[in-house]
Amino acid sequence: MKSVPDRLQALKKNIQEYEQCFDRPKKSVKLLAVSKKQSIDSIKLAYESGQRAFGENYLQEAIGKIYHFKEKDISWHFIGKIQSNKTLAIAENFDWVHTIEREKIAFRLNEHRAKMKKVLNVLIQVNISGEDSKSGVSLEALPQMVARVKTFRWLRLRGVMGMPAQYDSFKLQRESFMPLIEAINSYHPEFDSLSIGTSQDYKAAIAVGSTMVRIGEGLFGPRPS
Ligand SMILES: *Cc1c(COP(=O)(O)O)cnc(C)c1O
């Protein structure tokens, strides 16, 4: 079985290769290690191999891990669904939030970060495929949400996050990202961050312009259920 350090090296190599292959600037794609349900030991292995950005979905679980690694220079990204009574703990523990989909959540995160006097990096989550089961604002509602989030002084809107339906082929994966890419290119060229691509489809995501691929099982192996 492959180890976390081996997989990390292989992923980095692939990312570099895809950057080159799709005419992306060198180092324009960051790897976010999605460590939900993974152990402290796995995170430690990735950290010791040079990984510094980790994504978590479940607040309680994440807080324990963040506390464990509090002396380390790690940037923590919240990528899970946000309940409004959890915004204080999210504001206090995370450096980035990828899953802004309601104005009320943005409002609360902003209030908490104002007290801390520390800007929070945020992304608006877009429901690219329009599936009812998926979180995120629709592409139609995106401009209005962008306008609202930009009014919050302690939130720095960096771009968008998306998680389309899963497809097996590169071609279909690529196509599934395109509506989001077209909307961003047309209306929000100022964004510097595009969080798309997981273990299954990060090659297609890099092809269309991802700046942050969120990889869990491809780095840590299967998640314990
Ligand atoms: C779990 C998760 C990922 C990582 O998925 P893998 O298939 O393990 O790479 C990425 N993004 C979000 C929002 C997730 O919940």
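Computed from a prediction, not measured in an experiment: that's the story for all the values here.

### What to know about the site of the ligand
Residues in close proximity to the ligand total 13 residues, the closest being Lys36, Asn57, Ser199, Glu217 and Arg223. The contact in question runs from an oxygen atom of the ligand to an N or O atom on the side chain of Ser199, over 2.4 Å. Glu217 is positioned such that a nitrogen or oxygen atom in its backbone is 2.8 Å from an oxygen atom of the ligand. Coverage of the ligand by the protein chains reaches 90% of its 390 Å² of free accessible surface. Among the residues making up the shell around the ligand, the classes are represented as 5 nonpolar, 4 polar and 4 charged.

### Some thoughts on the nonpolar core
The biggest cluster of nonpolar side chains holds 58 residues, and the ones touching the most others in it are Phe54, Val97, Ile100, Leu109, Ile124, Val149 and Val160. Summarising the domain contributions, this core has at least three residues from each of domain 1 (1-21 + 28-77) and domain 2 (80-194). In this view, Leu109 contacts Thr87, Ile90, Ala91, Val97, Ile100, Leu120 and Leu155; residues no more than four positions away in its chain are not counted. Leu32, Val34, Ile79 and Trp96 belong to the second largest nonpolar core, which has 8 residues in total.

### Points about helix 1 (residues 4-21)
The end-to-end C-alpha separation of helix 1 is 25 Å, in line with the 26 Å expected for 18 residues at 1.5 Å each. Burial in helix 1 covers these residues: Val4, Arg7, Leu8, Leu11, Ile15, Tyr18 and Glu19. In an axial view of helix 1, the angular spread of the buried residues amounts to 110 degrees, which keeps them on one side of the axis. Residues of helix 1 that are exposed and point more than 90 degrees away from the buried face comprise Lys13, Gln16, Gln20 and Cys21.

### Digging into the environment of Asp95
Counting through the fold element by element, Asp95 comes out in the loop between helix 4 (87-93) and strand 4 (96-100). On the basis of relative accessibility, which here comes to 25%, the residue Asp95 falls in the partly exposed class. For Asp95, the contacting residues outside a window of four places in its chain are Ile74, Ser75, Trp76, Leu120 and Asn121. There is a polar contact of 2.8 Å between the side chain of Asp95 and the backbone nitrogen of Trp76.

### Here's the deal with the side chain of Thr87
For Thr87, the position within the fold is in helix 4. Here the side chain of Thr87 touches His112 through a polar contact of 3.2 Å, side chain to side chain.

### Notes on unusual backbone geometry
The backbone of Asp23 sits at a positive phi, close to 55 degrees, despite the residue not being glycine. With a relative accessible area of 73%, Asp23 lands in the exposed category. One non-glycine residue, Lys117, adopts positive backbone phi at about 55 degrees. For Lys117, the position within the fold is in the loop between helix 5 (103-116) and strand 5 (120-126).

### Describing the packing of aromatic side chains
Ring pairs (aromatic) are described by centroid distance and by the angle formed between their planes. On inspection of all chains with the given rule, the structure shows 6 aromatic pairs. When the ring of Phe78 is compared with that of Phe94, the centres are 5.2 Å apart and the planes differ by 80 degrees; the resulting orientation is edge-to-face. Taken together, the positions of Phe78 in strand 3 (residues 75-78) and Phe94 in the loop between helix 4 and strand 4 put the pair 16 residues apart, joining distant regions of the chain. Given a relative accessible area of 1%, Phe78 falls into the buried group. For Phe94, a relative accessible area of 1% translates into the label buried. Taken together, the aromatic side chains of Tyr18, Phe22, Phe170 and Tyr202 make up a single cluster linked through ring pairs. Between the NZ or CZ atom of Arg52 and the centre of the ring of Tyr47, over which it lies, the distance is 3.7 Å. Sitting above the plane of the Tyr67 ring, Lys70 keeps its charged end 4.1 Å from the centroid.

Reading guide: rules and limits
Residues numbered from 1 in each chain as written. Predicted model: local features only at pLDDT ≥ 70, side-chain atom pairs only at ≥ 80, totals over all residues. Heavy atoms only, no water. Near = heavy atom within 4 Å. Polar contact = N/O pair within 3.5 Å; in protein donor to acceptor, adjacent residues only side chain to side chain. Areas by Shrake-Rupley, 256 points an atom, 1.4 Å probe, with all protein chains shown as cover. Nonpolar A, V, L, I, M, F, W, Y, C, P; charged D, E, K, R; others polar. Core = buried A, V, L, I, M, F, W, Y, C linked by side-chain atoms within 4.5 Å. Buried < 20%, exposed > 50% of the residue type's maximum accessible area, 1.4 Å probe, protein only. Domains from an automatic or database assignment. Contact = heavy atoms within 4.5 Å. Helix = DSSP H or I, 4+ residues; strand = E, 2+ residues; numbered from the N terminus. Expected span 1.5 Å × (residues − 1). Arc of directions from axis to C-beta. Phe/Tyr/Trp six-rings, centres within 6.5 Å; stacked < 30°, edge-to-face > 60°. Lys NZ or Arg CZ within 6 Å of the ring centre and 35° of its normal.

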